[in-house]
Amino acid sequence: MRRKVDEKLDALLAFVLPPQCTLCGADGDRRLPLCTDCRADLPWLGHACRLCAEPLPLSSVCGRCLRRAPPQHAAHAAFHYAPPLDRLVQGLKFGGRLGLARLTGALLAEAARNGQWPRPQALMPVPLHDARLRQRGYDQAQVLTREVGRRLSIPVESHRCRRQRHTAPQSGLAPAQRRRNLRGAFDVSPLLALDHVAIVDDVMTTGATVGALATALKRAGVARVDVWALCRAGR
Ligand SMILES: [Zn+2]
Ligand SMILES: [Zn+2]
């Protein structure tokens, strides 16, 4: 209820006065709280690996994916995980700021549109563990995914997948340990009506988490799983 009221108020304010740029405070444009200069400076991701979105000099497949193909069919990312995206993502994660979800969601939707990322039948956020969700009280992946879905008119599937166990933090683990840590982490109810789903994530690093979810989705009957990430961090 409160969120609905907030959204209406935001829309009204954006109509009456151009929103301020989230990054520098200058006037934004009518559609987004971002000014032209800051927008031009964003670290858009250029050529990358088709399977894991790792930046490459040409769009092809990286050595790592050639040696061991990831479970997803394709991976796309909008940005390098670099300033100011790191700041926006941190704000999204811990600040609980709905405006940031709207901004980052709009940018991810724009990247998908401009890059002609193949259109899935549904988008799916990486589910947070319930305990983590309760602690934070806010699921940034879900809010981001809903914004992308709204802008591209793609339905969001988030109820049929749960995080099954509380996994240890991934940082500091080697790739094989990461995969083991995540085995059985997601519980997906059958999704037989869907052939093509894209997982939406804020930052893709090694791809172990989205890979585990992609595997679970494929087991649940989804033929093709892609990954759409807002940012791609270096490994
Ligand atoms: Zn600005
Ligand atoms: Zn790759």
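As the structure is a computational prediction, the values presented were derived from the model and not from experiment.

Asker: How should I be thinking about the environment of Thr-205 in this particular structure?
Answerer: Residue position: Thr-205 is located in the loop between strand E5 (196-204) and helix H9 (208-219). Along the primary structure Thr-205 and Tyr-81 are separated by 124 residues, whereas in three dimensions their C-alpha atoms are 9.1 Å apart. When residues no more than four places from it in sequence are discounted, the contact partners of Thr-205 are Arg-232, Ala-233, Gly-234 and Arg-235.

Asker: I keep staring at the pattern of salt bridges and nothing clicks. Help me out?
Answerer: A side chain with one charge can pair with a side chain of the opposite charge if their charged atoms come near. Taken as a whole and judged by the stated rule, the model has 5 salt bridges. The residue Glu-110 makes a salt bridge to Arg-39 at a minimum N-O spacing of 2.4 Å. One end of the pair, Glu-110, is in helix H5 (residues 98-114); the other, Arg-39, is in helix H2 (residues 36-40), and 71 residues separate them in sequence. Here Glu-110 and Arg-39 have matching classes, each one buried. Salt-bridge contacts for Glu-54 lead to Arg-232; the nearest nitrogen and oxygen are separated by 3.8 Å. Taken as a pair, Glu-54 in the loop between H2 and helix H3 (63-67) and Arg-232 in strand E6 (residues 224-232) lie far apart in primary sequence, 178 residues in all. This pair shows no difference in class: Glu-54 is buried, exactly as Arg-232 is. Bridged by salt links that share partners, the residues Glu-147, Arg-150 and Arg-151 form one connected network.

Asker: Just to check I follow, could you spell out the coordination of the zinc ion (ligand 2) for this structure?
Answerer: Working reference: metal with six octahedral donors, ideal angles 90 or 180 degrees; metal with four tetrahedral donors, ideal angle 109.5 degrees. Donor atoms from the polypeptide that bind the zinc ion (ligand 2) are Cys-49 (SG), Cys-52 (SG), Cys-62 (SG) and Cys-65 (SG), placed at 2.3 Å. Seen from the zinc ion (ligand 2), its 4 donor atoms lie at angles of 104 to 115 degrees, and the figure they make is tetrahedral. Mapped onto the sequence, the donors of the zinc ion (ligand 2) take the spacing C-x2-C-x9-C-x2-C. Of this pair, Cys-52 sits in the loop between H2 and H3 while Cys-65 is found in helix H3, placing the two residues 13 residues apart along the sequence. Comparing Cys-52 with Cys-65, the two get one shared label, buried.

Calculation criteria
- Residue positions are given per chain, counting from 1 as you read along its sequence in written order.
- For this description, chains carry letters from A and ligands carry numbers from 1, given in the order in which they are written.
- The model is predicted, so local features are restricted to residues of pLDDT at least 70 and side-chain atom pairs to those at 80 or more, both for listing and for counting; the totals for chains, interfaces and linings are taken over all residues.
- Side-chain numbers here rest on the full set of heavy atoms in the structure, without hydrogens or water.
- The way it works is that DSSP assigns letters per residue, a run of H or I at least four long becomes a helix, a run of E at least two long becomes a strand, and they are numbered from the N terminus.
- By the convention used here, residues are in contact when the closest approach between their heavy atoms is within 4.5 Å.
- Whenever Lys or Arg places a side-chain nitrogen within 4 Å of a carboxyl oxygen from Asp or Glu, that contact is recorded as a salt bridge.
- Think of it in three bands: residues with accessible area under 20% of the maximum for their type are buried, residues over 50% are exposed, and the middle band is partly exposed, with areas taken using a 1.4 Å probe on protein chains only.
- For Na, K and Ca the donor cutoff is 3.2 Å, while for all other metals N, O and S atoms must lie within 2.8 Å; water is not among the atoms, so some sites may look incomplete.
- Tetrahedral means four donors with every angle between 85 and 135 degrees, whereas square planar (four donors) and octahedral (six donors) require angles over 155 degrees between opposite donors and between 65 and 115 for all others; sites fitting neither are termed irregular.

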